[in-house]
Amino acid sequence: MKGIIMNTLQIIIPYNYIMNLVNLTWSDLYFAIEQGYLSSEAAIEHAMHVISKEQNPSQDVIDLAWMKKGEYILPYVENLSGLITKDNKISQEKMLYVVLQWVYDNKEHYADPFEVVEFIYDDFDFPEEISPFVRYKPSNQPELDSIEPYGKMYNKWKVYLETQKKRFSDRKKG
């Protein structure tokens, strides 16, 4: 995946939704806010969450928790994430999963969910792991007359989501 991700459809995911899916790190949070998938207020919510869980949170976390809506929070989040390099491959993969799960869970709100998948596929620089449920990608499997093509693609999408859920919800770090 490339370093710059676009959020063409301007999909903003609620903080609580993400927290129920993955173990969110400061690096993940920084990436998601920088790319527009989370609002900056999510950083404040996350700081409050960390304060409720940790006995001695850092001063940056405490300062961030006291920030007001609209204040510039990225320097705090960047500092907390400990970004030494801009290699955020795991955060990108995690956010790809979250965005695709969000669209899947809310597919009835989209006129064409597979068109949304195509935009996400492009935005994340054509990740191979989701190509099986991108419409314009040729499948290497024969079409079966008994299975409607979109049903087959929804199944592939669901398999991807289940695999990523195991990968990211069981992780303690990353």
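Residues numbered from 1 in each chain as written. Predicted model: local features only at pLDDT ≥ 70, side-chain atom pairs only at ≥ 80, totals over all residues. Heavy atoms only, no water.

**Describing helix 2 (residues 26–34)**
In plain terms, the rule: Residue burial is assigned from relative accessible area. The probe radius is 1.4 Å, only protein chains are included, and a residue is buried under 20% of its type maximum, exposed over 50%, and partly exposed in between. Secondary structure follows DSSP: runs of H or I at least 4 residues long count as helices, runs of E at least 2 residues long count as strands, and numbering of each begins at the N terminus. Whether two residues are in contact is decided by their heavy atoms: any pair within 4.5 Å suffices.
A large share of helix 2 lies buried, amounting to seven of its nine residues. All of the buried residues along helix 2 are W26, D28, L29, Y30, F31, A32 and I33. Summarising the contacts, the buried residues of helix 2 are in contact with helix 3 (41–53), helix 4 (59–65), helix 5 (74–81) and helix 6 (89–105). Just downstream of helix 2, G36 is the residue with a positive phi angle, here 85 degrees.

**Digging into the layout of surface pockets**
This is how the line gets drawn: The pocket and cavity definitions rest on a 1 Å grid over protein atoms only: a 1.4 Å probe that fits but cannot leave marks a cavity, an open set with protein on both sides within 12 Å along at least five of seven lines marks a pocket, and residues lining either have an atom within 4 Å of a point. Grid points are joined across faces, edges and corners, and a volume is the space filled by probe spheres set on the points. Think of it as three bins: nonpolar holds Ala, Val, Leu, Ile, Met, Phe, Trp, Tyr, Cys and Pro, charged holds Asp, Glu, Lys and Arg, and polar takes everything else, Gly as well.
If you add up the space inside the largest pocket, you get close to 150 Å³. In terms of lining residues, the largest pocket is bounded by M19, N23, L24, W26, H46, H49, V50, K53, E54 and V61. At four residues, helix 3 tops the list of elements feeding residues into the lining of the largest pocket. Taken together, the residues of the lining of the largest pocket break down into five nonpolar, three polar and two charged.

**As for the packing of aromatic side chains**
Here is the rule we go by: Note on ring pairs: Phe, Tyr and Trp rings are taken, using the six-membered ring of Trp, and paired if centres are within 6.5 Å. Classes follow the plane angle, with under 30 degrees stacked, over 60 edge-to-face and the rest tilted. A ring has a charge above it when a Lys NZ or an Arg CZ is no more than 6 Å from the ring centre and no more than 35 degrees off the ring normal.
Under the defined criterion, the tally for this structure stands at 11 aromatic pairs. Aromatic pair Y97 and F168: ring centres 6.2 Å apart, planes at 25 degrees, arrangement stacked. Taken together, the residues Y97 in helix 6 and F168 in helix 8 (residues 149–169) connect sequence positions 71 residues apart. Ring plane angle 80 degrees and centroid distance 5.2 Å describe the contact between Y121 and F126, whose orientation is recorded as edge-to-face. Residue Y121 is classed as buried on the basis of its relative accessible area, which comes to 3%. According to the relative accessible area criterion, F126 is partly exposed, its value standing at 39%. Ring pairs connect the aromatic residues Y104, F114, F133, Y154, W157 and Y160, which therefore count as one cluster. The cationic tip of K107 hangs over the ring face of Y104; the distance from NZ or CZ to the ring centre is 3.7 Å.

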